[in-house]
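Now for the letters of each chain:
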Amino acid sequence: MVKIDVVSGYLGSGKTTFIKHLLNACGNEKVIVIENEFGEIAIDGDLIKNEGFEVYELQQGCICCSIRSNFIEALGKIVDEFEPDRIIVEPTGMGLLSEIIGILSIPKIKQISEINSLTTVVDAENYLEEVEGFGEFFKDQIKNADRLIISKAQFMNYQEIDKILSSLRELNPNSLIVTQNWEFMAPEEFLKILDNSSENSGKIYRGNVEAAMKGVSSIGLEFTESFKEKDIENIILELKSGKYGQIMRGKGFLNIDDKTMEFNYVGNDCKLELLNTKKDQKICIIGKNLEKEAVSELFNNL
Ligand SMILES: Nc1nc2c(ncn2[C@@H]2O[C@H](COP(=O)(O)OP(=O)(O)OP(=O)(O)O)[C@@H](O)[C@H]2O)c(=O)[nH]1
């Protein structure tokens, strides 16, 4: 039986980062990662392929709803063709863990695989704010998990972490909760989190996300010309202003002053990190009431 590990979590919570740590401990296993992206431009798959791992990408919709059948087909195909020991599934940040559990429980999938772990990554820096507007997503992802992994805990103080912990415990009293700073964890510890047994209530909670999903869309942009640092700083300020809609996530690769940078917009903050490999320039932006044309002009009319 192929083990399936689902790594869910809200937009930008740290799912791909967690998976990258985890893969470093899977040396002797044949692992395939299924990456699901909400938008038409794939970013996470590139980040994992960069590290030399096998990735199967499913784009333009969530595997839990609009491209559910593609997910079922992909699982069958991966098991048949690659015979992996383990499949790690990263749903989109808007994915519903309840629906994914439902899919993994259909007889056709249960015959070839078994759920090993249901992890939800919780972003310590943004959780309390984001849960206000997107509570039903969080409830679905947190209540149905058997492991809750807190990311970016090192940036918070004890009182803030306590507040997050009591909120998580209220939603899910049984699950394992990990608050360690990832930078000090050995890769094997990440794997142990998934492979040691843990519990959840066994009841499936279905989030009612219709209201939270209203007006959410994404845009994918590709570029050939390099950017100047000053231009990107201005673009980030503009995106933060709210004039272009509520930016929920931005990610991708940009050439800035001849350097390849990873662009990461999470919460209301944006980070640019230097990459060692050259990349095609592309970004994906997800937002509520997104002014797509204006966003495109912002990047293209410099
Ligand atoms: N320092 C630090 N940064 C983190 C941690 N987890 C995530 N990040 C940063 O948070 C940003 C988003 O992380 P990703 O791993 O891409 O998040 P994601 O959940 O895969 O994002 P989506 O798939 O787009 O929803 C990146 O800039 C990461 O470097 C952490 O524990 N520590």
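Along each chain, numbering runs from 1 in the same order as the chain's sequence is written. This being a predicted model, a pLDDT of at least 70 is required before a residue's local features are given, and a value of 80 or more before pairs of side-chain atoms are given or counted; all residues contribute to the totals for chains, interfaces and linings. Heavy atoms from the whole structure form the basis of all side-chain values; hydrogens and water molecules are not counted.

Colleague: Break down the site of the ligand for me, citing the residues and quoting the values.
Modeller: Summary of the distance rule: residues count as near a molecule or strand when at least one heavy atom falls within 4 Å of that molecule or strand. Around the ligand, the surrounding shell holds 21 residues, and the nearest of these are K15, T16, T17, R249 and K251. Polar contacts here mean pairs of N or O atoms no more than 3.5 Å apart (in protein, one a potential hydrogen donor and the other a potential acceptor; neighbouring residues in sequence count only if both atoms are side-chain atoms). The backbone of G12 places a nitrogen or oxygen atom 2.9 Å from an oxygen atom of the ligand. Take E183: an N or O atom from its side chain is 3.4 Å from a nitrogen atom of the ligand. Bound to the protein, the ligand loses 91% of the 640 Å² it would expose on its own. Helix numbers and strand numbers start at the N terminus; a helix is a DSSP run of H or I with at least 4 residues, a strand a run of E with at least 2. When contributions to the shell around the ligand are tallied by element, the ones reaching two or more residues are α1 (15-23), β9 (246-256) and β11 (269-274). What sets the accessible areas is the Shrake-Rupley method with a 1.4 Å probe; for residues, cover comes only from the shown protein chains.

Colleague: Which residues make up the sheet that holds strand β6 (residues 147-151), and what values do they have?
Modeller: Strand pairing is assigned whenever DSSP identifies at least 2 bridges connecting the two strands. With parallel pairing, the 7 strands of this open sheet are ordered in space as β3-β2-β4-β1-β5-β6-β7. Two strands close off the open sheet at either side, each with one partner strand: β3 (54-58) and β7 (176-178). Averaged over neighbouring strand pairs, the angle between their axes works out to 20° when direction is ignored. Here strand β5 (residues 113-123) pairs with β6 via 5 bridges, running parallel. Counterpart to V122 in the pairing with β6 is I150. Of the strands in this sheet, β1 (2-9), β2 (31-36), β3 and β4 (86-90) are in contact with helix α3 (residues 68-82), which crosses β3 at around 155°. Interaxial angle, 0 to 180 degrees, is taken between N-to-C directions of lines fitted to C-alpha atoms, where a helix line uses only the stretch in contact. Residue contacts follow a heavy-atom distance rule, with two residues in contact if any of their heavy atoms lie within 4.5 Å.

Colleague: Before we move on, can you summarise the sheet that holds strand β10 (residues 259-266) with the specific residues and values?
Modeller: Here we have 5 strands laid out as an open sheet, ordered β8-β12-β9-β10-β11, and antiparallel in their pairing. Of all strands in the sheet, those with a lone pairing partner are β8 (216-223) and β11, marking the two edges. Direction aside, the axes of adjacent strands within the sheet are offset by 15° on average. By the bridge criterion, 8 bridges tie β8 to strand β12 (residues 281-288) in an arrangement that is antiparallel.

Colleague: Account for the pairing of β10, with residues named and values stated.
Modeller: Burial runs high along β10: 7 of the 8 residues are buried. Hairpin connection from β9 to β10: 2 residues lie between these consecutive antiparallel strands, with D257 at a positive phi of about 45°. As defined by bridge partners, β10 adjoins β11 across 6 bridges and the pair is classed as antiparallel. Bridge pairing in β11 links N264 to K271. What sits between the antiparallel neighbours β10 and β11 is a turn of 2 residues, in which G267 has the positive phi angle 65°. Exposure classes here rest on a 1.4 Å probe applied to the protein chains alone. A residue is buried below 20% of its type maximum, exposed above 50%, and partly exposed in between.

Colleague: Give me helix α12 (residues 292-300): which residues, what numbers.
Modeller: Listed as buried for α12 are V295, L298 and F299. One side of α12 carries all its buried residues, which in axial view fall inside an arc of 90°. Looking at the buried side of α12, the elements it contacts are β8, α11 (229-240) and β12. Arc, as used here, means the arc of the directions from the helix axis to the C-beta atoms.

Colleague: Talk me through the packing of α11 against α12; I want residue IDs and the actual numbers.
Modeller: Two numbers describe how α11 lies on α12: the axes approach to 10 Å, and their chain directions differ by 165°. One element, α11, and the other, α12, form an angle in the roughly antiparallel class. The handedness of the crossing between α11 and α12 is right-handed. Contacts from I235, E238 and L239 of α11 reach α12 at V295, L298 and F299. A class-by-class count of the residues in the contact of α11 with α12 yields 5 nonpolar, no polar and 1 charged. Every angle not falling under 35 degrees, over 145, or within 65 to 115 is termed oblique; those three ranges are roughly parallel, roughly antiparallel and roughly perpendicular. Crossing handedness is read from the near helix: turned anticlockwise from the far helix by less than a right angle, it gives a left-handed crossing, and turned clockwise, a right-handed one. Residue type decides the class: Asp, Glu, Lys and Arg count as charged, Ala, Val, Leu, Ile, Met, Phe, Trp, Tyr, Cys and Pro as nonpolar, and the leftover types, Gly among them, as polar.

Colleague: Give me the UniProt feature "domain: CobW C-terminal" (unreviewed entry) in the protein chain: which residues, what numbers.
Modeller: Per the UniProt annotation, the sites labelled "domain: CobW C-terminal" (unreviewed entry) are residues 216-302. For the annotated span residues 216-302, helix accounts for 24% and strand for 47% of the residues, and the straight-line distance between the end C-alpha atoms is 27 Å. UniProt positions are given in the numbering used here, feature names are shortened, and annotations may be inferred rather than shown by experiment.

Colleague: Tell me about the domain arrangement of the protein chain, and name the residues and values.
Modeller: The split into domains, and so the bounds of each, comes from an automatic or database assignment of domains. Looking at the protein chain, the domain boundaries give domain 1 (2-210) and domain 2 (215-300). Domain 1 and domain 2 are separated by 25 Å when their C-alpha centres are compared. Listed by partner, the interface residues are 20 residues for domain 1 and 22 residues for domain 2. Basic side-chain nitrogens of Lys or Arg form a salt bridge, by our definition, when they fall within 4 Å of a carboxyl oxygen of Asp or Glu. Between domain 1 and domain 2 we count 4 salt bridges in total. Where K282 meets D46, a salt bridge forms, and the shortest distance between an N and an O atom there is 3.3 Å. Between domain 1 and domain 2 we count 5 residue pairs in polar contact (both at pLDDT 80 or more) in total.

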